[in-house]
Amino acid sequence: LLSIVPLLALTFALLKAFLEQGGTILTIGSSNNLAYDLGLPIRNYLVERQPDGTDQPLPREKYYVPGSVLRVSLDQTDPLAAGMDAQADVFFDNSDTFRLEPNAELAGIRPVAWFASRTPLRSGWAWGQYYLEGGTAVVDATVGKGKLFMYGPEMLFRSQPHGTYKLIFNGIYWGASAGAEK
């Protein structure tokens, strides 16, 4: 049997090299794990500290947001949010929410969108929505000469959230224009 582990290691090495040499990668959903594999100072925001000092994901009894529309605030000075309003509604389906470590800014990592309210729910339902306050929804990370754009919410879900298309297109455009400048 062919082991998948060497294949995954090769894929990771190629993605890392691509970023470090000036490439751009956009991640949504489970592909956000790339940031953890790269060792970036980014963690899961939706955790609770255990008595032994470890972090555990929030249990479903405390937090559950299945397929709802939530409000995020945006850093309009970041090129990823170019042309967007100060706030946007995003489709959220138990999506990733990030915690940037204290040294993240020094490492070239910035929040682009975050939950600024204890009540971000706009449509649907959100059990424990107050846990989201202060969490980062979209990240702009510099890796070597490249860019990693991480999207927690489902920015392209069934092509419905038109208000967040700019975040995706700006990421694609940024990568293409950076490549043209080289």
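Summary of the structure given here.

Cut-offs and rules
Residues numbered from 1 in each chain as written. Predicted model: local features only at pLDDT ≥ 70, side-chain atom pairs only at ≥ 80, totals over all residues. Heavy atoms only, no water. Helix = DSSP H or I, 4+ residues; strand = E, 2+ residues; numbered from the N terminus. Buried < 20%, exposed > 50% of the residue type's maximum accessible area, 1.4 Å probe, protein only. Contact = heavy atoms within 4.5 Å. Areas by Shrake-Rupley, 256 points an atom, 1.4 Å probe, with all protein chains shown as cover. Core = buried A, V, L, I, M, F, W, Y, C linked by side-chain atoms within 4.5 Å. Salt bridge = Lys/Arg side-chain N within 4 Å of Asp/Glu carboxyl O. Pairing = 2+ DSSP bridges. Polar contact = N/O pair within 3.5 Å; in protein donor to acceptor, adjacent residues only side chain to side chain.

In this section: the overall build of the protein. Counting its regular elements, the protein contains three helices and 11 strands. Element order for the protein, N to C, with α for helix and β for strand: α-β-α-β-β-β-β-β-β-β-β-β-β-α. Per-residue burial for the protein yields a buried fraction of 40% across its 182 residues. A fraction of 68% describes how many contacts in the protein between residues 6 or more apart in sequence connect residues 24 or more apart. Working note: accessible area of the protein is about 10,000 Å², and carbon and sulfur atoms make up 57% of it.

Turning our attention to the nonpolar core. Formed by 26 residues in total, the largest nonpolar core has its most connected members in Leu80, Val138, Tyr151 and Leu167. Listed by contribution, the elements that provide at least two residues to this core are strand S5 (68-74), strand S6 (87-92), strand S8 (109-114), strand S10 (136-143), strand S11 (146-151) and helix H3 (165-181). Counting residues in each nonpolar core, the second largest holds 15 residues, with Leu34, Leu38, Leu40 and Ala141 among its members.

It is worth spelling out the pattern of salt bridges at this point. Two side chains carrying opposite charge are able to pair once their charged atoms lie near each other. Using the criterion set out here, one finds nine salt bridges in the structure. The partner of Asp89 in a salt bridge is Arg71, with the nearest N and O atoms 2.8 Å apart. In this pair, Asp89 is assigned in strand S6 and Arg71 in strand S5, connecting sequence segments 18 residues apart. The partner of Arg110 in a salt bridge is Asp78, and the shortest N-O contact between them spans 3.5 Å. One end of the pair, Arg110, is in strand S8; the other, Asp78, is in the loop between S5 and S6, and 32 residues separate them in sequence. For Arg110, a relative accessible area of 31% gives the class partly exposed. Residues participating in the shared-partner salt-bridge network are Arg49, Asp55, Arg99 and Glu101.

The next subject is unusual backbone geometry. Look at Asn94: it is not a glycine, yet its phi comes out positive at around 50°. By the element assignment, Asn94 lies in the loop between S6 and strand S7 (98-100).

Right, let's talk about the pairing of S11 for a bit. Within S11, six of the six residues are buried, leaving the element largely enclosed by the surrounding structure. Here S11 shows a buried face lined by Gly146, Leu148 and Met150 and a second buried face lined by Lys147, Phe149 and Tyr151. The antiparallel hairpin formed by S10 and S11 contains two residues in its connecting segment, where Gly144 sits at a positive phi of about 65°.

Glancing now at the environment of Trp114. When you line up the elements, Trp114 lands in strand S8. The sequence separation of Trp114 and Ser73 amounts to 41 residues, and the corresponding C-alpha distance is 5.4 Å.

By the bridge criterion, two bridges tie S5 to S8 in an arrangement that is antiparallel. Residue pairing in the sheet places Ser73 in a bridge with Trp114 of S8. Two elements, S8 and S10, share five bridges in a ladder whose sense is antiparallel. Its bridge partner lying in S10, Arg110 is registered against Asp140.

Right, let's talk about the environment of Gln50 for a bit. Summarising the element assignment, Gln50 is placed in the loop between strand S3 (47-49) and strand S4 (55-57). Its relative accessible area of 25% is what places Gln50 among the partly exposed residues. A distance of 3.4 Å separates a polar atom in the side chain of Gln50 from the backbone oxygen of Glu48.

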